[in-house]
Amino acid sequence: MSKSHGSVLMAVIGSAHGIDGDVRVQAFTENPLALGDYGFLYDKIGSSYKVASLRLQKKDLIVRFKEIRDRAGAEARKGVRLFIHRAQLPALKNEEFYQEDLLGLVVLDLKGNKIGDITAIFNFGCGDLLEVLIWEGQKKYFIPFTKVVVLDIDLISKNIIVDPVAAGL
């Protein structure tokens, strides 16, 4: 599944944990323990996964999927990316966005000049950063995803207006 098919990446299966099929999972949800609340998860070939149980162990999210019954099955699924259908996501409040919606937006300066595209979103612990591919010179820059830098987001026209000075561009 991909963005073009109305799917959203929710998690990636990591290494096996124990002998009963439990796996470490990197969840991309606001609350990792809510991963099971979305219903079935799907991989890129359409296989479904249902969360049977999950727990936090230190910083790791440990998940048991009904479809994974032993360590061999868990090891075979390491690196599998899990998606949900867009319709499974809850409605958003005003000024909230799913990261998926920001990818590919055209970045405009204060005068409306096109300067690049959003290619990724990262958070290294100090807030969200937008990775912007600047068309001139084909260089990538990180800009803070704050109201001081990002002045407007228009999902309909697929544009984002940034203050280049505040963004450090």
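Values in this document were obtained by computation on a predicted structure and should not be read as measured data.

(A) Just the sheet that holds strand β12 (residues 150–154), in detail. Taken together, the six strands give an open sheet; going across it, the order is β11-β10-β9-β8-β13-β12, and neighbouring strands pair in mixed fashion. In the strand order of this sheet, the two ends are held by β11 (139–144) and β12, each with one partner. Each strand of the sheet is rotated relative to its neighbour by a mean of 35°, with strand direction disregarded. Here four bridges tie β12 to strand β13 (residues 159–162), and the two strands are oriented antiparallel to one another. Paired with Val150 across the strands is Val162, a residue of β13.

(B) Molecular detail of the side chain of Asp22. Residue position: Asp22 is located in the loop between β1 (7–16) and β2 (23–27). Engagement of the side chain of Asp22 in a polar contact is seen with the side chain of Arg55, the distance being 3.5 Å. Here the side chain of Asp22 touches Arg64 through a polar contact of 2.6 Å, side chain to side chain. Discounting chain neighbours no more than four positions away, the residues touching Asp22 are Ala16, His17, Arg55, Ile62, Val63, Arg64 and Ala74.

(C) Representation of the packing of aromatic side chains in the model. Under the definition given, this model contains four aromatic pairs. Taking 5.7 Å as the distance between ring centres and 75° as the angle between the ring planes, the aromatic pair formed by Tyr49 and Phe65 counts as edge-to-face. You can see Tyr49 sitting in strand β4 (residues 48–49) and its partner Phe65 sitting in strand β6 (residues 60–65), a full 16 residues away along the chain. Measuring from centroid to centroid gives 5.9 Å for Phe124 and Phe142, while their planes differ by 75°, and the two rings are edge-to-face. Remark: Phe142 occurs in strand β11 and Phe124 occurs in the loop between β9 (114–123) and β10 (128–134); sequence separation between them is 18 residues.

(D) A look at the pattern of salt bridges. Tallying each qualifying case throughout the model produces seven salt bridges. Of the charged contacts, one joins Arg64 and Asp20 as a salt bridge, the two residues approaching to 3.9 Å between their closest N and O atoms. Of this pair, Arg64 sits in strand β6 while Asp20 sits in the loop between β1 and β2, and the two are 44 residues apart along the sequence. Among the salt bridges present, the one from Arg55 reaches Asp22, with a minimum N-O distance of 3.5 Å. Of the two residues, Arg55 is situated in strand β5 (residues 51–57) and Asp22 in the loop between β1 and β2; the sequence distance between them amounts to 33 residues. Judged by its relative accessible area of 35%, Arg55 is partly exposed. On the basis of relative accessible area, Asp22 is assigned to the buried category, the value being 7%.

(E) The side chain of Asp101, seen in detail. Here Asp101 shows up in helix α2 (residues 99–102). For Asp101, the side chain forms a polar contact with the side chain of Arg86, separated by 2.7 Å. Beyond its immediate chain neighbours, meaning those up to four positions away, Asp101 contacts Arg86 and Leu155.

(F) Summary view of the environment of Lys58. Relative to the elements of secondary structure, Lys58 occurs in the loop between β5 and β6. Spatially, the C-alpha atoms of Lys58 and Val132 are 34 Å apart, while their sequence positions differ by 74 residues.

(G) Quick peek at the pairing of β11. Taken together, the six bridges between β10 and β11 define a ladder with antiparallel strand orientation. Looking across to β11, one finds that Glu131 is bridged to Phe142. From the end of β10 to the start of β11, which pair antiparallel, there are four residues, and Gly137 there has a positive phi angle of about 90°.

Analysis parameters
- The written sequence of each chain sets the order in which its residues are numbered from 1.
- A pLDDT threshold of at least 70 governs which residues receive local features in this predicted model, and a stricter bar of 80 or more applies before side-chain atom pairs are shown or counted, although totals over entire chains, interfaces and linings include all residues.
- Heavy atoms throughout the structure, all of them, feed into the side-chain values; hydrogens and water do not.
- Here the rule is simple: two strands pair whenever DSSP picks up at least two bridges between them.
- The helix and strand labels rest on DSSP assignments: H or I over at least four residues marks a helix, E over at least two residues marks a strand, and numbering proceeds from the N terminus.
- Each axis is a line fitted through C-alpha atoms, and for a helix only the stretch in contact is used; angles between axes span 0 to 180 degrees, taken between their N-to-C directions.
- N or O atoms within 3.5 Å of each other form a polar contact, as long as, within protein, one can give a hydrogen and the other can take it, and as long as residues adjacent in sequence are counted only when both atoms are side-chain atoms.
- In this analysis, two residues are considered to be in contact whenever any of their non-hydrogen atoms come within 4.5 Å of each other.
- Here the aromatic set is Phe, Tyr and Trp, taking the six-membered ring for Trp, and pairing holds for ring centres within 6.5 Å; pairs whose planes are under 30 degrees apart are stacked, those over 60 apart are edge-to-face, and all others are tilted.
- Any carboxyl oxygen of Asp or Glu that lies within 4 Å of a side-chain nitrogen of Lys or Arg is treated as forming a salt bridge with it.
- The buried label goes to any residue with under 20% of its type's maximum accessible area, the exposed label to any with over 50%, and the partly exposed label to all in between, with areas taken from a 1.4 Å probe on protein chains only.

As far as function goes, none of this settles anything; it's purely spatial.
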